[in-house]
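What the coordinates show
Here's the letter readout for the chains.
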Amino acid sequence: MKAAVLHGIRDLRIEELPDPKIEREDDVLVRIKAVGVCGSDVHFYTHGRIGDFVVEKPLILGHESAGVVEEVGKGVKNLKPGDKVALEPGIPCRKCEFCKSGRYNLCPDVRFFAAPPVDGTFAEYVVHPADFCYKLPDNVSLEEGAMLEPLSVGLHGAILGGVKPGDEVAILGSGPIGLMALQSARSMGAGKVICVDLYPFRLDLAQRLGACETINAGEMDTVEAIMELTNGRGVDVVFETAGAGITSQQAVEIARRGGTIVHIGLGSQEAVPTNIVKIIFKELKLQGVHRYANIYPRALELISSGDVDVRSMITSRYPLDRVEEALREPIERPDSTVKVMVEI
Ligand SMILES: [Zn+2]
Ligand SMILES: [Zn+2]
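Residues numbered from 1 in each chain as written. Chains lettered and ligands numbered in written order. Predicted model: local features only at pLDDT ≥ 70, side-chain atom pairs only at ≥ 80, totals over all residues. Heavy atoms only, no water.

Turning our eyes to something else, we now look at the overall build of the protein chain. Each helix and strand counted, the protein chain has 11 helices and 20 strands in total. A globule of 344 residues ought to have a C-alpha radius of gyration of about 20 Å, and the protein chain, at 20 Å, matches this closely. For the protein chain, the spread of C-alpha atoms along the principal axes amounts to about 60 × 40 × 35 Å. Considering the protein chain as a whole, with its 344 residues, one finds that 53% of them fall into the buried category. Long-range pairs, those at least 24 residues apart, make up 72% of the contacts in the protein chain between residues at least 6 apart in sequence. Summed over its atoms, the accessible surface of the protein chain is roughly 15300 Å², and 50% of this surface lies on carbon and sulfur atoms. Charge-centre separation for the protein chain: the mean point of 38 positive side chains lies 4 Å from the mean point of 49 negative side chains. (Helix = DSSP H or I, 4+ residues; strand = E, 2+ residues; numbered from the N terminus. Rg over C-alpha atoms; globule rule 2.2 N^0.38 Å. Buried < 20%, exposed > 50% of the residue type's maximum accessible area, 1.4 Å probe, protein only. Contact = heavy atoms within 4.5 Å. Areas by Shrake-Rupley, 256 points an atom, 1.4 Å probe, with all protein chains shown as cover. Lys, Arg positive; Asp, Glu negative; His and termini not counted. Charge placed at Lys NZ, Arg CZ, Asp CG, Glu CD.)

Below, the discussion takes up the sheet that holds strand E14 (residues 193-197). Taken in spatial order, the six strands of this open sheet run E15-E14-E13-E16-E17-E18, and their pairing is parallel. A strand with exactly one partner marks an edge of an open sheet, and here the two such strands are strand E15 (213-216) and strand E18 (285-288). Across the sheet, the mean angle from the axis of one strand to that of its neighbour is 15°, orientation sign disregarded. Relative to E18, strand E17 (residues 255-263) is paired through four bridges, and the arrangement is parallel. (Pairing = 2+ DSSP bridges. Axes fitted to C-alpha atoms, helices over the stretch in contact; angles between N-to-C directions.)

With that out of the way, let us pick up a negative patch on the surface. Negative charge collects at one region of the surface, where Glu16, Asp19, Glu70 and Glu71 lie side by side. In this structure, Glu71 sits in strand E7 (residues 64-72). (Patch = residues over 30% accessible without salt bridge, like charges linked within 9 Å, V, L, I, M, F, W, Y side chains within 5 Å. Salt bridge = Lys/Arg side-chain N within 4 Å of Asp/Glu carboxyl O.)

Attention now moves to the packing of helix H1 (residues 39-47) against helix H11 (residues 323-332). Between H1 and H11, whose axes approach to 9 Å, the crossing angle comes to 100°. One way to sum up the angle between H1 and H11 is to call them roughly perpendicular. Contacts from Asp41, Val42, Tyr45 and Thr46 in H1 reach Glu324, Leu327, Arg328, Pro330 and Ile331 in H11. Taken together, the residues of the contact of H1 with H11 sort by class into five nonpolar, one polar and three charged. (Parallel < 35°, antiparallel > 145°, perpendicular 65-115°, else oblique. Nonpolar A, V, L, I, M, F, W, Y, C, P; charged D, E, K, R; others polar.)

On to the coordination of the zinc ion (ligand 1), then. For the zinc ion (ligand 1), every protein donor is listed as Cys38 (SG), His63 (NE2) and Glu64 (OE), and the spread of their distances is 2.2 to 2.5 Å. For the zinc ion (ligand 1), all donor residues lie on one chain, and their spacing in sequence is C-x24-H-E. Of this pair, Cys38 sits in the loop between strand E3 (27-36) and H1 while Glu64 sits in strand E7, placing them 26 residues apart in sequence. Glu64 matches Cys38 in its accessibility class, with the two residues each being buried. (Donors = N, O, S within 2.8 Å, 3.2 Å for Na, K, Ca; no water.)

This part is about the environment of Val153. The topology assignment puts Val153 in helix H4 (residues 148-160). Overall, Val153 belongs to the buried group, its relative accessible area being 10%. When neighbours within four sequence positions are excluded, Val153 is seen to be in contact with Ile177, Ile264, Val289, Arg291 and Tyr292.

What follows concerns the coordination of the zinc ion (ligand 2). Taken together, Cys93 (SG), Cys96 (SG), Cys99 (SG) and Cys107 (SG) make up the full set of protein donors to the zinc ion (ligand 2), lying 2.3 to 2.4 Å away. Mapping the donors of the zinc ion (ligand 2) onto the primary sequence gives the spacing C-x2-C-x2-C-x7-C. Judged by its relative accessible area of 24%, Cys93 falls in the partly exposed class. Residue Cys96 is classed as buried on the basis of its relative accessible area of 17%.

The three strands are arranged E2-E1-E6 in an open sheet whose pairing can be described as antiparallel. On the outer flanks of this sheet lie strand E2 (11-16) and strand E6 (59-60), each paired with one strand and no other. Bridge analysis of strand E1 (residues 2-8) against E2 gives six bridges, and the strand direction is antiparallel. Looking at E2, one finds that Leu6 is bridged to Leu12.

Quick look at the packing of aromatic side chains now. Summed over the entire model, instances satisfying the criterion amount to three aromatic pairs. Ring geometry for Tyr104 against Phe132: centres 5.7 Å apart, planes inclined by 80°, an arrangement best described as edge-to-face. Separated by 28 residues along the polypeptide, Tyr104 in the loop between helix H2 (97-100) and strand E10 (111-112) and Phe132 in the loop between strand E11 (125-129) and strand E12 (133-135) bring together distant segments of the chain. Here the two residues Tyr104 and Phe132 agree in accessibility, since each one is buried. (Phe/Tyr/Trp six-rings, centres within 6.5 Å; stacked < 30°, edge-to-face > 60°.)

On to the pattern of salt bridges. Once the charged atoms of two side chains with opposite charge are near each other, the side chains can pair. Summed over all chains, the structure comprises 18 salt bridges. Ionic pairing is found between Arg233 and Glu168, a salt bridge with its closest N-O pair at 3.3 Å. A residue pair is termed long-range when its members are at least 10 positions apart, and Arg233 in the loop between helix H7 (222-229) and strand E16 (235-240) and Glu168 in the loop between H4 and strand E13 (169-172) qualify at 65 residues. Under the relative-accessibility criterion, Arg233 is labelled partly exposed at 40%.

This is the structure in structure tokens:
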């Protein structure tokens, strides 16, 4: 099969590799068709590492994927060849206390596509456990299936953040995850959602996808603008998806008393000075979000029902041969890029 293999920083090669084979009876062989480019793929491509995850041997990137089942193991009952499926990328150990309590995203032994040393899905074929493949109904395309991954992150964040009907919400950063958080919050009944970004293109899209107000952080003071839009009260839930130090600090300012800050954005700055006194006096709740658990079926339902529009977020498409251009696009054209899709 053909696959895009990362050999080092900015060294990506299209190679011919042996086709993977079904080895366990609960696995399926999937012909991969659509893979979204994630910020983490771009970061591995440009930096060769994210935190403790270091690319030490050749690695196939890509984890937001969907395809068509080609072959099923003997024990597989839920899928058959020809089914369109979305692949949930993290396979947990299924045995530890986190797996057993249902929070399998916290499993210390999870094997996640494109988190070194585990290969990802910029490849023609992948073998995956059948219970982590979700059959797509006829009205959900393979591209939309690939978009289940970032949608699941946003939806998991909105659920952990406890978004309630009528809540006022601020989204700091209107990239793919911010826009997924926006749509997830809206699907849970949020009222006024305010989206912040530096790029007008993304803010226009945010408006189309349900934002009531948008703020260009390059032109306005984010904190002042949000306090004005909420009559000095602040918002019930803040989603920090930009991963910047400044937005993490702004979150503490714009959350209402008793509000919640949902941290999803992973930035290069790991430690950020923050106003602890304000967090205490306002009784703020800080909620981290790491991937998702048991969310794919809900996310799929939101796409299938039309409550969430992930199609409008796809701004360009590339074939596998040009995956390197796909990886560079978010860096080179951030002003016009939201989600880049690789079609295999
Ligand atoms: Zn991703
Ligand atoms: Zn586990």
